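# Survey of secondary and tertiary structure
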Amino acid sequence: MAFANWLRIERVSDSGEAEIGGRRIYILPTRYGVIYATLLFLMLLGAVNYGNNPAHLLTFLLAGLGSNAIHLTWRNLRGLRLHCEGAGPIFAGEDARFVINLDAAGRERPAIQLGFDEDALSLVDVPGDRTRVRRLRVADLPRGLHAPGRLVVSTRYPLGLFRAWCY
């Protein structure tokens, strides 16, 4: 179990900094991506069945657009730098707010989603020349020291056909 976690999680330095590497980004199609691929397959069947060259052209043009979307979704996360500053002390039952700085490393990164829980993701656009600060809320903590869990960084940019994420 520890070895599997070591393989999947981006390494964080002692100061709380991490840079997302290209080999630790996972990509899967969204529901719209599956519908898109199904429609492309049906268009290809129709083009082959009727021997229609413009239908072939349109099918392969849209397939090329989809393959470019895979690369652009992956590229939107690769190289993003994160710095977690932690959270301040709170009383029992209050919400903790973890401060995370996002640095785009010279390239604009739209539609970055991040959060500790898959259901409550926060959306942020990171301009190429500045750092964005995001405060993530962890609700209703009892007394004691707590680790918030895995930070999930994901994106569906540019077309929403694919979701790329990393831990």
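Refer to the structure presented above.
First, a word on scope: everything that follows refers to the structure included in this document. The shown structure was predicted, so the numbers you read here are calculated from the model rather than taken from an experiment. (Residues numbered from 1 in each chain as written. Predicted model: local features only at pLDDT ≥ 70, side-chain atom pairs only at ≥ 80, totals over all residues. Heavy atoms only, no water.)

### Overview of helix α3 (residues 53-77)
Quick reminder of the rule: Comment: elements are numbered from the N terminus, with helices defined as DSSP H or I runs of at least four residues and strands as E runs of at least two. By definition here, a helix of n residues has an expected span of 1.5 Å times n minus one. Burial classes follow relative accessibility: with a 1.4 Å probe on protein chains only, a residue under 20% of its type's maximum area counts as buried, one over 50% as exposed, and anything between as partly exposed. Residue contacts are counted whenever heavy atoms from the two residues lie within 4.5 Å of one another.
Over its 25 residues, α3 runs 37 Å from end to end, which matches the ideal 36 Å to within 8%, given 1.5 Å per residue. When we look at burial in α3, the residues that qualify are T59, G66, A69, T73, N76 and L77. On its buried side, α3 packs onto α2 (31-50), β5 (109-115), β8 (152-155) and β9 (162-166).

### Re the sheet that holds strand β1 (residues 17-19)
One key point about sheets: their strands pair by backbone hydrogen bonds, in either a parallel or an antiparallel sense. For the record, the criterion: What makes two strands pair is DSSP finding at least two bridges between them. Lines fitted to C-alpha atoms define the axes, with helix axes restricted to the stretch in contact, and inter-axis angles between N-to-C directions lie between 0 and 180 degrees.
Strands sit in the order β1-β3-β4-β7 across an open sheet of four strands; the sheet is antiparallel. Each end of this open sheet is capped by a strand with a single partner; those strands are β1 and β7 (131-138). Across this sheet, the average inter-strand angle for adjacent strands is 25°, counted without regard to direction. Relative to β7, strand β4 (residues 96-103) runs antiparallel, the two sharing eight bridges. Paired with N101 across the strands is V133, a residue of β7.

### Some words on the environment of P89
Assignment of secondary structure puts P89 in the loop between β3 (81-86) and β4. Look at P89 and you get exposed, because its relative accessible area is 86%. Placed 56 residues apart in sequence, P89 and L145 show a C-alpha to C-alpha distance of 9.6 Å.

### Digging into unusual backbone geometry
Omega for the bond connecting Y157 with P158 falls within 30 degrees of zero, at 5°, which places this linkage in the cis form. With respect to the secondary-structure elements, P158 resides in the loop between β8 and β9. Even without being a glycine, A105 presents a positive backbone phi close to 60°. Position of A105 among the secondary structure elements: in the loop between β4 and β5.

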